[in-house]
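Here is what each chain is made of, one letter per residue.
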Amino acid sequence: MELLGHPGRKIALIGAGVGVLAMGALALGGIASADQSGGSSGLRGSEVTVVKETRKVPGRGILDTNVVCGKGRRAVGGGHAFHGAHDPRKPVAFPVSAPGSTRDDPGGVQNAWDFVAVNPMKKEISVEFYAICVPLG
């Protein structure tokens, strides 16, 4: 398998404490979230943004990637959607969907959502990656 990556690029979905928007985001496939708010965030829906990026995963390959929130924002959730043909004998796998950072400093803001996608099929596939982002503070 071939490993591909997009260093410094991340995606995040924001939904912590946003009610209806969060429920809509959960309708997407492969959604995960990180409770980084310590309770009720008091966010308005207009403060929550969803970043979506589409990436190619090579046939019989692995993609290590991320989606980055904009400056002054942190990732509180993320997810993925693969809309192609599924083979139950060789499923496309997503072993990593977790908060991450574009900086190496310990305790830094998790401003991105990290993903690993494994494509066991011969054909290249396209996957949508999402990040939910909220303002710092």
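Throughout this description, residue numbers start from 1 for each chain and increase along the sequence as written. At least 70 in pLDDT is required for a residue's local features to be given in this predicted model, at least 80 for side-chain atom pairs to be given and counted, and no such filter applies to totals for whole chains, interfaces and linings, which use all residues. With hydrogens and water set aside, each side-chain value is computed from the structure's full complement of heavy atoms.

### With respect to the overall build of the chain
For helices the rule is a DSSP run of H or I covering at least 4 residues; for strands it is a run of E covering at least 2, with both sets numbered from the N terminus onward. Helix and strand counts for the chain come out as one helix and eight strands. Residues count as neighbours in contact if any of their non-hydrogen atoms are within 4.5 Å of one another. Expressed as a percentage of contacts within the chain between residues at least 6 apart in sequence, the contacts between residues at least 24 apart total 84%. Looking at the chain as shown, the accessible area adds up to about 7,400 Å², and 54% of this sits on carbon and sulfur atoms. Per-residue accessibility takes into account occlusion by the displayed protein chains alone, with areas from the Shrake-Rupley method and a 1.4 Å probe.

### Description of unusual backbone geometry
A positive phi angle, near 50°, is found at Arg60, a position not held by glycine. The residue Arg60 is located in the loop between β3 (49-57) and β4 (61-68) in this model.

### Re the pattern of salt bridges
Criterion for a salt bridge: a side-chain nitrogen of Lys or Arg within 4 Å of a carboxyl oxygen of Asp or Glu. One pass over the structure, following the stated rule, counts four salt bridges. For the salt bridge of Asp87 with Arg89, the shortest nitrogen-to-oxygen distance reads 3.3 Å.

### Focus on the confidence of the model for the chain
Here pLDDT means the predictor's own confidence in every residue, given as a number from 0 to 100. Confidence in the prediction of the chain, expressed as mean pLDDT, is 79, and 68% of residues score 70 or more. Contacts of residues 6-29 to residues separated by more than four positions or lying in other chains number 93 contacts, the stretch itself having pLDDT below 50.

### Considerations on the state of the cysteines
Throughout, a disulfide means two cysteine sulfur atoms within 2.5 Å of one another. Under the defined criterion, the tally for this structure stands at one disulfide. A disulfide bridge connects Cys69 with Cys133, and the sulfur atoms are separated by 2.0 Å. One disulfide, between Cys69 and Cys133, carries an S-S torsion of -80° and so falls in the left-handed class. Residue Cys69 is located in the loop between β4 and β5 (73-81), and its partner Cys133 is located in strand β8 (residues 125-135); the two are separated by 64 residues in the primary sequence. For the pair formed by Cys69 and Cys133, the shared burial category is buried. Relative accessibility thresholds used throughout: buried, under 20% of the residue-type maximum; exposed, over 50%; partly exposed, between the two (1.4 Å probe, protein chains only).

### Some words on the packing of aromatic side chains
Any Phe, Tyr or Trp ring, taking Trp's six-membered ring, that has another such ring centre within 6.5 Å forms a pair; planes under 30 degrees apart are called stacked, those over 60 apart edge-to-face, and the others tilted. Tallied over the entire structure, the rule returns one aromatic pair. Note on Phe115 and Phe129: the rings are 4.7 Å apart at their centroids and 50° apart in plane angle, and the pair reads as tilted. Pair noted here: Phe115 is in strand β7 (residues 112-119) and Phe129 is in strand β8, with a separation of 14 residues, a long-range link. For the pair shown, Phe115 and Phe129 are each scored as buried.

### With respect to the environment of Val67
With respect to the secondary-structure elements, Val67 resides in strand β4. The buried category is assigned to Val67, whose relative accessible area is 0%. In sequence terms Val67 and Phe129 are 62 residues apart; their C-alpha atoms lie 7.2 Å from each other.

### Structural notes on the environment of Arg55
Tracing the sequence through the fold places Arg55 in strand β3. With 70 residues separating them along the chain, Arg55 and Ile125 place their C-alpha atoms 8.4 Å apart.

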